Amino acid sequence: MDLHLVPGAEPTAAESAALDHLLGAARDGWDGGERLLGPEGNTASTGHDARSRRHLLLPALWALQERIGWISPGGLNELCRRLTIPPADAYGVATFYAMLAVEPRPARVVHVCEDIACRCNGSDELIAQLEERFGGEGELSGDGSTTWYRSPCLGQCDRAPAALVGDAGDEARERTLAPTTAAAVLDVLAGGEPGPAPVTVLPQAGDPSLRLLRRAALPNEVCLDEYRAHGGYAALRRAVELGPEGVIRELKDSKLQGRGGAAFPTGVKWDAVAHQPVRPHYLVCNADESEPGTFKDRVLMERDPFSLIEAMTIAAYATGCERGYVYIRGEYPEPQHALEAAIAEARRRGYLGGDVLGEGFAFDVEIRKGAGAYICGEETAIFESIEGNRGEPRNKPPFPVVQGLFGKPTVVNNVETLVNVLDIVARSGPAYAENGTDTSTGTKLFCLSGHVERPGVYEVPFGTTLQELLDLAGGVTGGKELQCILMGGAAGGFLRPDELDLPLTFEAAREAKTTLGSGVVLVLDESVDLPRLLMRIAAFFRNESCGQCVPCRVGTVRQQESLARLVSGKTIGGTQRELAVIAEVGQCMRDASICGLGQTASSAIESAIDRLGVFS
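Below you will find a few notes about this structure. (Residues numbered from 1 in each chain as written. Predicted model: local features only at pLDDT ≥ 70, side-chain atom pairs only at ≥ 80, totals over all residues. Heavy atoms only, no water.)

## Examining the overall build of the protein chain
Scanning the protein chain for helices and strands turns up 24 helices and 13 strands. Taking 25 Å as the expected radius of gyration for a compact globule of 616 residues, we find that the protein chain reaches 24 Å, a close match to that expectation. Oriented by its inertia axes, the alpha-carbon framework of the protein chain measures out at about 80 × 65 × 45 Å. Across the 616 residues in the protein chain, those meeting the buried criterion constitute 58%. For the protein chain, contacts bridging at least 24 residues in sequence account for 71% of all contacts bridging at least 6. In the form shown here, the protein chain has an accessible surface area of approximately 24,000 Å², with 51% of it arising from carbon and sulfur atoms. Here the protein chain holds 59 positive side-chain charges and 83 negative ones, and the gap between their average locations is 3 Å. (Helix = DSSP H or I, 4+ residues; strand = E, 2+ residues; numbered from the N terminus. Rg over C-alpha atoms; globule rule 2.2 N^0.38 Å. Buried < 20%, exposed > 50% of the residue type's maximum accessible area, 1.4 Å probe, protein only. Contact = heavy atoms within 4.5 Å. Areas by Shrake-Rupley, 256 points an atom, 1.4 Å probe, with all protein chains shown as cover. Lys, Arg positive; Asp, Glu negative; His and termini not counted. Charge placed at Lys NZ, Arg CZ, Asp CG, Glu CD.)

## Side note on the pairing of strand 1 (residues 108–113)
Along strand 1, 6 of the 6 residues are buried, which leaves the element largely enclosed by surrounding structure. Here strand 1 shows no split at all, with Arg-108, Val-110 and Val-112 on one side and Val-109, His-111 and Cys-113 on the other all buried. Where strand 1 and strand 2 (residues 146–151) come together, 6 bridges link them in parallel fashion. In the sheet register, Arg-108 faces strand 2, and the bridge partner there is Thr-146. (Pairing = 2+ DSSP bridges.)

## Some thoughts on the packing of helix 10 (residues 234–254) against helix 13 (residues 305–319)
It is the contact of helix 10 with helix 13, at a shortest axis distance of 9 Å, that shows an interaxial angle of 30°. Compared by their axis directions, helix 10 and helix 13 come out roughly parallel. You can see that helix 10 and helix 13 cross each other, and the crossing is right-handed. Along the contact surface, helix 10 presents Ala-234, Ala-235, Leu-236, Ala-239, Val-240, Gly-243, Pro-244, Val-247 and Ile-248, while helix 13 presents Glu-310, Thr-313, Ile-314, Tyr-317 and Ala-318. (Axes fitted to C-alpha atoms, helices over the stretch in contact; angles between N-to-C directions. Parallel < 35°, antiparallel > 145°, perpendicular 65-115°, else oblique. Left-handed = near helix turned anticlockwise from the far one by under 90°.)

## Examining the nonpolar core
Grouped together as the largest cluster of nonpolar side chains are 147 residues, with contacts concentrated most on Tyr-97, Trp-270, Phe-494 and Ile-537. A per-element tally of this core places helix 13 first, with 10 residues. Membership of the second largest hydrophobic core comes to 26 residues, among which are Leu-448, Leu-482, Ala-508 and Val-523. (Core = buried A, V, L, I, M, F, W, Y, C linked by side-chain atoms within 4.5 Å.)

## Side note on the packing of aromatic side chains
Between two aromatic rings, the relevant description is the distance of the centres plus the angle of the planes. Scanning the entire structure with this criterion turns up 12 aromatic pairs. Relative to Phe-406, the ring of Tyr-282 lies with its centre 5.4 Å away and its plane at 65°, an arrangement referred to as edge-to-face. Of this pair, Tyr-282 sits in strand 5 (residues 281–287) while Phe-406 sits in the loop between helix 15 (379–386) and strand 8 (410–414); the two residues are 124 residues apart in sequence, bridging distant segments of the chain. Residue class for Tyr-282 comes out buried when judged on its relative accessible area of 14%. (Phe/Tyr/Trp six-rings, centres within 6.5 Å; stacked < 30°, edge-to-face > 60°.)

## A few points about the sheet that holds strand 8
One key point about sheets: their strands pair by backbone hydrogen bonds, in either a parallel or an antiparallel sense. Read from one edge of the open sheet, 4 strands run 7-6-5-8, paired in parallel fashion. Of all strands in the sheet, those bounded by a partner on one side alone are strand 7 (364–369) and strand 8. Adjacent strand axes in the sheet meet at a mean angle of 20° when their direction is disregarded. Bridge count for strand 5 against strand 6 (residues 321–328) is 7 bridges, and the pairing is parallel. Looking at the pairing, Cys-285 lines up with Val-326 of strand 6. Here helix 13 sits on the sheet in contact with strand 5, strand 6, strand 7 and strand 8, set at roughly 150° to strand 5. Relative to the sheet, helix 16 (residues 415–427) contacts strand 5 and strand 8, its axis offset from that of strand 8 by approximately 95°.

## Brief notes about the sheet that holds strand 4 (residues 173–177)
Here 4 strands make up an open sheet; going across it, the order is 2-1-3-4 and the pairing mixed. Whereas interior strands pair on both sides, the edge strands pair on one side only; in this sheet they are strand 2 and strand 4. Averaged over all adjacent pairs, the angle separating strand axes in this sheet is 20°, with direction ignored. Here helix 14 (residues 333–348) sits on the sheet and contacts strand 3 (163–167) and strand 4; the angle it forms with strand 4, its principal contact strand, is near 125°.

## Focus on the side chain of Thr-465
Positionally, Thr-465 belongs in the loop between strand 10 (456–461) and helix 18 (466–472). Beyond its immediate chain neighbours, meaning those up to four positions away, Thr-465 contacts Leu-500, Asp-501, Leu-502, Pro-503 and Leu-504.

## Let's talk about the environment of Gly-456
Take Gly-456: it is sitting in strand 10. For Gly-456, a relative accessible area of 0% corresponds to the buried category. Separated by 290 residues in the primary sequence, Gly-456 and Gly-166 place their C-alpha atoms 25 Å from one another. Beyond its immediate sequence surroundings of up to four residues, Gly-456 is in contact with Asp-158, Pro-203, Phe-295, Phe-446, Cys-447 and Leu-448.

## Re the pattern of salt bridges
Taken as a whole and assessed by the stated rule, the structure comprises 49 salt bridges. Arg-108 is the partner of Asp-167 in a salt bridge, and the nearest nitrogen-oxygen pair spans 2.6 Å. Placement of Asp-167 in strand 3 and of Arg-108 in strand 1 is noted, with a sequence separation of 59 residues between them. Residue Asp-167 is classed as buried on the basis of its relative accessible area of 16%. Where Arg-496 meets Asp-498, a salt bridge forms, and the shortest distance between an N and an O atom there is 3.0 Å. Shared partners join several salt bridges into a network, and the residues in it are Glu-114, Asp-115, Arg-119, Asp-124, Glu-131, Glu-137, Arg-150 and Arg-536. (Salt bridge = Lys/Arg side-chain N within 4 Å of Asp/Glu carboxyl O.)

## Quick look at helix 20 (residues 530–544)
With 15 residues, helix 20 extends 21 Å from end C-alpha to end C-alpha; this agrees with the ideal 21 Å at 1.5 Å per step. All of the buried residues in helix 20 are Leu-530, Leu-533, Leu-534, Arg-536, Ile-537, Ala-538, Ala-539, Phe-540, Phe-541 and Glu-544. (Expected span 1.5 Å × (residues − 1).)

## Observations regarding the environment of Thr-319
Along the chain, Thr-319 falls in helix 13. It is 32 Å that separates the C-alpha atoms of Thr-319 and Leu-83, two residues lying 236 residues apart in sequence. Residues within four places of Thr-319 in sequence aside, it is in contact with Trp-270, Val-273, Ala-274, Arg-279, His-281 and Val-411.

## Quick notes on the layout of surface pockets
Computed from the structure, the second largest pocket encloses a volume of approximately 1,200 Å³. Forming the walls of the second largest pocket are 42 residues, and the residues nearest its centre are Trp-62, Glu-66, Ala-172, Gln-336 and Lys-369. For the lining of the second largest pocket, the secondary structure elements donating two or more residues are helix 1 (13–23), helix 3 (57–68), strand 1, strand 3, strand 4, helix 14 and strand 7. (1 Å grid on protein atoms, 1.4 Å probe; cavity = no way out; pocket = protein on both sides within 12 Å on 5 of 7 lines; lining within 4 Å. Points joined across faces, edges and corners; volume = space filled by probe spheres on them.)

Rendered as structure tokens:
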């Protein structure tokens, strides 16, 4: 059946070249080449091959946007011809992602963060100056070459406020401005160069107790020889000595729990995939840390990319995976560049490929760039995104260990979880478990931001108290009064100043009715307007809901509307009635939403109401 393309819309030479660079030259009418007439045009050897490349849809959309700044009807037509995808389907995918544009945009776009950590560090004032001196978001510069937009969290909370500069063209580039000022953003909008990439500062650099961050704290440039000189790839060689079952045994003995928020036992997950008879198996590294306030995985990928590659190779060896994907958030250009360089060097030196280190097993890694969808941090939404679909979560069961990426058994872990594997294999599972507590073993990375003297990523053993962690970061900025701490990010919960003796463990957090989540510790002083901060959190979830299930799609809207009435004082039925609505909507989302986004969308808001007495 022929595709029904947008009439009269043809690609420019630049758009065709961008797709050719990614997909190769078209061979016949089934993948975008010349369509033959008559009997010869009714069959082609490339039809099935073209349809099998659906997973290249998101990279192809990025290729078009990076070349001209947006995805034009002609470019979309050509993409659909090349991949034999109906235009309505491809358009639905393109419009799912916040970073992709299907309306004309200039070659240079600046995204300015307006999320909670940046708000604590002046982003509201920065944006006000942009609106006054340049114009509202989406307005063009005098020559039409630049514009700017508000953005949710860019993952730069330790060096807020932040912005992201994207330049389209033959040599497309993305660069981070962090920390930045209104003057710097205005200069970029006037055509100036953004300058060098921001420097990641690790407050604990030089601390001999560091395990996960010990190489990330080194001052030297990242390279394979430097990595090996500091113990790199010793864990992989030890893993080969142990064998796949031995690696999984050590992992189980370590009691390692996932560091992405769900805290599922990692050894159990790996064992389940390893024993699945269906082949192939896949490995997916979830590097789409989009939780506002989270940036730990960014630091590991920027400063120690080989540790992730080595850990993924061990995971693949233990579970029988020949192919791995790093799904990295679209707002992370510097970590992506570091990983790309590290993967290329590892492949060149025999640490990836058809015969890893001559040990008789194959494994290779591919990076997939997200495009601004918080929901793609959910493990099954990642699969949908990689496969070329809208990033909507799947119903479970079946679980990923049975039917994951491309319908095959799949291991999914985030960056921090995987990097822990190196110490477990090198030191043994029981030795690893000596750190931390009986049920929360090892060390944990925490992302401190907001009103704290020394923001950054901190590594401490489980069981460290929140007060000790706050002291390590120098306490509240300027010695001001602490109002509260947001734990776990927008999907987490608030703690009062009198609750700082909380031990940082999974079990203690559950008992205190909060969460460690992905490690967010957002410190808020007395100057923060909490009701308006809650409005921002509610707006975030409303915008980020994928819309697939009614409880989340409708509930996040009703939650934001009720908060808006409370903040404005124009309540329906009084304050208590509005608070009852928020509680009822939150319970509905927890009970009936398909995935964790809807199930946690009310967590921080309800904790502020119940624990902090906001609106009472």
